[in-house]
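Residue strings, one per chain:
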Amino acid sequence: MASGNYAQVVEPSRFGGPDRASRSGIWVGIFAITMSFAAFTSALYVRQGSGDGTHIALPSVIYANTLALLLSSFTMEMSRRGIARGLGPEAFGLRKGMVWLVVTLVLGLAFVAGQYLAWRYLAAQGLYLATNSNSSFFYVFTAMHGLHLLGGIAALVYLIGRTAGSNYRFRQSLFDATAIYWHFMDVLWLYLLFVIGTRL
Amino acid sequence: MEEAVVQPAHVHAPPEGFIRKHIFSLDHKVIGKQYYGLALVAVFMGMALSWLMRFHLVWPTTKVPGLDLLSSTGAPGGVITPEYYLSLLTMHGTLMVFFVLTNAPFAGFGNYFLPIQIGAEDMAFPRFNMMSFWVTFVAFLVLVLAFVIPDGPPISGWTAYAPLSAVGKDAGPGLAWGQSLWAISIAIFCVGQLLGSLNFIATTLDLRTKGMTFMRMPICTWAWFITSAIGLLAFAVLLPACLLLLLDRMAGTSFFIPSGLVISDRLQNHAGGSPLLWQHLFWFFGHPEVYIAILPAVGIVSHVLITNMRKPLLSAKVIIYSMMSIGFLSWMVWGHHMFVSGMNPTSSLLFSFPTLTITIPATIITLIWLGSLYGANLQINAASLFALGFVSMFVSGGVSGFFLAQPSIDIYLHATYFVVGHFHMVMGVAAIFGILSGTYFWFPKMSGRMMNESLGKLHFWITFVGTYCIFMPFHYLGMAGNVRRYSSFVNDFMAPLMPVHKFISIAAFVTGGAQFIFLFNLIYSRFRGKQAPENPWNATSLEWSIPSPPPWDNFGGKHPVIYHDPYQYGVKGSKGDFVMQDSPEQV
């Protein structure tokens, strides 16, 4: 277990304990989100049964966004490792970890901005939410993923606030949970990109 | 009694001030009571609506004094219009299924007792827990707002079938803003349930105290755990469904609205949507929802029966495995609600088979109860009577399920009172009996006072007999061809069935009236009831090892250590014929 500046919760007598619960919680949450997107996907398959969808040419900014998001997962991991390493008395890794965390946030925000540009591009072509079933699903998929990602961004902002403002007093498990969620946002987006690219 | 040596850092500080203690509380016990309280308000509202419907069915032209104040268009002069009848029906179903049958047995009792039964001081995520209740409360307010807006509540039933639920005001009264409020309310409700389910699962996995292995958890803890897994997946599907419905209604998309649809002489400006898609998404949630309502009741009833039989069940493990099987199979049966939807007949057969299979674990559970009851010295009290009542309802309602599970028979019975009778008994009233059994059983722990047993028994007998008088005749009406959701039958071929309807309505008024005995008992006992000891039923599980009502951190800053499963009855212990889970004595 990490030592040093973390607010510790030491409960060796139990199964798991609160730290493990954060990890279980995030996996359970990921499971539920996966189920929701499975529902959206099945809706897409059923809806496409009526065969009235017209193909959408994906804006190329989508690929740049994908790259930014993949990169952000890498920086998130760098940050997590830096901070975990930096918890000793010297705390040398903390500053580095903090910088990576800010970079992750910037990349996350860049992804959201890029997705907005993709919407603008589609709108400029006259493709709106209600134009046809493919455009509907494009907006629904990207908006729902974006909303979930904004949740991750909120967690990043919270972690940065706690890291900078209060002498690194947060639980390692919270950081780990955020990192797991952030990587999941990556995986989810790759899945959605595959569905969007092949079905819409 | 040994206790874990480590003084745990409690997940939150002791609450101070009225608002932190009673309103925006992080304490799972307060949140559990809030859910229960909300369910209590909702159940009386739902019951009042059913009274209005029963009244209108048999006296369709008689005025209900004051009803025009609620809706001058829906009940002009106090007489309910056919459309307003459907509004009442929609709100009755929605309130009962979501805000009563989901809230009370699962979120209410589960919140209060799950952490205590596993030896934790609170849920894993107390802030999420608080949020889950308040989100649910907002969902409730949004739903009942539909009563006061000029449009009125929706007329589409609790299943809100598309395309009529998706097209807006052309489809009828209540289908403009009323239906939107409904969909917003249910979407918000899903968020609350997802937060709650996540909390239940993480808490059960990781906050069990030393010695509390999975197989030492009480059956009701298991039931809440399994239910939370079902809820997590079910509400994760209903939420997207509601969002898509809202988009169809508000953003002009066509997920559920087909091409060329003409409603009220107007061509709808949508194309290519699939009304069947809504039914698939809705029932993929809807059928597991039945188990979200009934499994916690199965758990509660098992818990109450074991305590009052003073001996273990024939096999607690088999009940737990059967509940798991039900949870698993509940994902494969949703199509049995759609036998007449135009779905491929082969699919119907494929859905029929697991539906019939699911009766096997349900039957096993029932046989274990009955086999264990055989030869037991059952203590008769209000809690055990309602538990027996549950078994009775579960069997009676379950048997009619055999008929409906077969597509060929369902074609005749579909959308008749037979179906209404079936689900009211097996899901509605059975779950209510489970809630009532749990209430009489746990009230001493929750309030520190005993409920009045005589009033409890009176409440049971009127409710038990009354329920059969209401819902058994529904089956006969259904077989006679009496369709559901019609607001009156006085002038058509169903008129000869009116005497049966009259009988049902009178039974409904009497049975509903008996619920005020319960309400009085609940409120009176809360303030004037006899002081409850720590363990009035001589039960073994952890909630009975702490004071009534429990302190804010449940175990006084310590964690108990568990030595036994919760079925140590009929043994020689130092306190009597039972040994508590945290007692180190050998048995």
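The model shown is predicted, which means the values in this text are computed figures rather than measured ones.

Thoughts on the overall build of chain B
Piece 1. Scanning chain B from terminus to terminus reveals 17 helices and 4 strands.
Piece 2. On C-alpha atoms alone, chain B measures out to a radius of gyration of 24 Å, which is about the 25 Å that the 2.2 N^0.38 rule sets for 587 residues.
Piece 3. Along the first, second and third principal axes, the C-alpha atoms of chain B reach 75 × 50 × 45 Å.
Piece 4. Relative to its full complement of 587 residues, chain B shows a buried share of 57%.
Piece 5. A fraction of 79% describes how many contacts in chain B between residues 6 or more apart in sequence connect residues 24 or more apart.

Notes on the interface of chain B and chain A
Think of interface size as the accessible area that goes away when the parts come together; that is how it is often given.
Piece 1. Each partner contributes to the interface: chain B provides 39 residues, whereas chain A provides 32 residues.
Piece 2. Among the elements of the structure, helix 7 (177–206), helix 8 (219–250) and helix 9 (275–309) of chain B are those that each provide at least two residues to the side of chain B that touches chain A.
Piece 3. Per-class residue counts for the side of chain B that touches chain A are 26 nonpolar, 10 polar and 3 charged.

Describing the packing of helix 12 (residues 359–373) of chain B against helix 13 (residues 382–404) of chain B
Residue and element names in this part refer to chain B.
Piece 1. For the pair helix 12 and helix 13, the least separation of the axes is 11 Å and the interaxial angle reads 150°. By the angle between their directions, the pair helix 12 and helix 13 is classed as roughly antiparallel. In terms of crossing hand, the pair formed by helix 12 and helix 13 is left-handed. For the pair helix 12 and helix 13, contact is made by Thr359, Ala362, Thr366 and Trp369 and by Val391, Phe394, Val395, Gly398, Gly401 and Phe402, respectively.
Piece 2. Class assignment for the residues of the contact of helix 12 with helix 13 results in 6 nonpolar, 4 polar and no charged.

Some thoughts on the nonpolar core
Piece 1. Formed by 202 residues in total, the largest nonpolar core has its most connected members in B:Val237, B:Leu238, B:Ala241, B:Cys242, B:Ile294, B:Phe386 and B:Ala430.
Piece 2. Counting residues per element, this core draws most heavily on helix 8 of chain B, at 23 residues.
Piece 3. The contacts of B:Phe386, once residues within four sequence positions are left out, are B:Phe433, B:Leu436, B:Ser437, B:Tyr440 and B:Phe460.
Piece 4. Ranked by size, the runner-up nonpolar core spans 20 residues in total, among them A:Leu69, A:Leu101, A:Leu156 and A:Ala179.

A closer look at unusual backbone geometry
Residues and elements named next belong to chain B.
Piece 1. Looking along the chain, the bond that leaves Ala162 and enters Pro163 is cis, with omega of 5°.
Piece 2. Counting through the fold element by element, Pro163 comes out in the loop between helix 5 (126–148) and helix 6 (164–167).
Piece 3. Following Ser548, the chain continues to Pro549 via a peptide bond in cis, the omega torsion being -10°.
Piece 4. With respect to the helices and strands, Pro549 occurs in the loop between helix 17 (498–528) and strand 3 (569–573).
Piece 5. Positive phi outside glycine occurs at Ala415, with the angle close to 60°.
Piece 6. Turning to its location among the elements, Ala415 is positioned in the loop between helix 14 (407–413) and helix 15 (417–447).
Piece 7. Even without a glycine there, the phi angle at Asn554 is positive, about 65°.
Piece 8. Looking at the element boundaries, Asn554 is found in the loop between helix 17 and strand 3.
Piece 9. The buried category is assigned to Asn554, around which 25 C-beta atoms lie within 10 Å.

A few points about the confidence of the model for chain A
Residues and elements named next belong to chain A.
Piece 1. Residues at a pLDDT of 70 or more form 84% of chain A, whose mean pLDDT is 84.
Piece 2. For chain A, the element scoring lowest by mean pLDDT is helix 3 (residues 92–124), at 89; helix 1 (residues 18–47) scores highest, at 92.
Piece 3. Ignoring residues within four places in sequence, the model shows residues 1–12, a span with pLDDT below 50, making 25 contacts including any to other chains.

Comments concerning the confidence of the model for chain B
All names here are of chain B.
Piece 1. Of all residues in chain B, 98% attain a pLDDT of 70 or more, and the chain-wide mean is 93.
Piece 2. Contacts from residues 1–9, a stretch scored under 50 in pLDDT, to residues over four places away or in other chains number 23 contacts.
Piece 3. Interface confidence for the predicted complex, given as ipTM, is 0.90, next to a pTM of 0.93.

Brief notes about the packing of helix 4 (residues 82–117) of chain B against helix 9 of chain B
All names here are of chain B.
Piece 1. Two numbers describe how helix 4 lies on helix 9: the axes approach to 9 Å, and their chain directions differ by 40°. Our classification of the angle between helix 4 and helix 9 gives oblique. Helix 4 and helix 9 meet at a crossing whose hand is left-handed. Facing Val97, Leu101, Thr102, Pro105, Phe106, Phe109 and Gly110 of helix 4, the residues of helix 9 in contact are Glu289, Ile292, Ala293, Pro296, Ala297 and Ile300.

As for the pairing of strand 3 of chain B
Residues and elements named next belong to chain B.
Piece 1. Sheet topology places strand 3 next to strand 4 (residues 576–578); 2 bridges connect them, and they run antiparallel. Bridge pairing links Gly573 to Gly576 in strand 4.
Piece 2. Two successive antiparallel strands, strand 3 and strand 4, enclose a turn made up of 2 residues.

A short note on the environment of B:Leu207
All names here are of chain B.
Piece 1. Mapped onto the fold, Leu207 is located in the loop between helix 7 and helix 8.
Piece 2. Taking the number of C-beta atoms within 10 Å as the measure of exposure, Leu207 has 28 and is therefore buried.
Piece 3. Between the alpha carbons of Leu207 and Ile118 there is a distance of 7.4 Å; along the sequence they are 89 residues apart.

Parameters at a glance
Residues numbered from 1 in each chain as written. Chains lettered and ligands numbered in written order. Predicted model: local features only at pLDDT ≥ 70, side-chain atom pairs only at ≥ 80, totals over all residues. Helix = DSSP H or I, 4+ residues; strand = E, 2+ residues; numbered from the N terminus. Rg over C-alpha atoms; globule rule 2.2 N^0.38 Å. Buried ≥ 20, exposed ≤ 12 C-beta atoms within 10 Å, placed from the backbone. Contact = placed C-beta atoms within 7 Å. Nonpolar A, V, L, I, M, F, W, Y, C, P; charged D, E, K, R; others polar. Axes fitted to C-alpha atoms, helices over the stretch in contact; angles between N-to-C directions. Parallel < 35°, antiparallel > 145°, perpendicular 65-115°, else oblique. Left-handed = near helix turned anticlockwise from the far one by under 90°. Core = buried A, V, L, I, M, F, W, Y, C linked by C-beta atoms within 7 Å. pLDDT = per-residue confidence, 0-100. Pairing = 2+ DSSP bridges.

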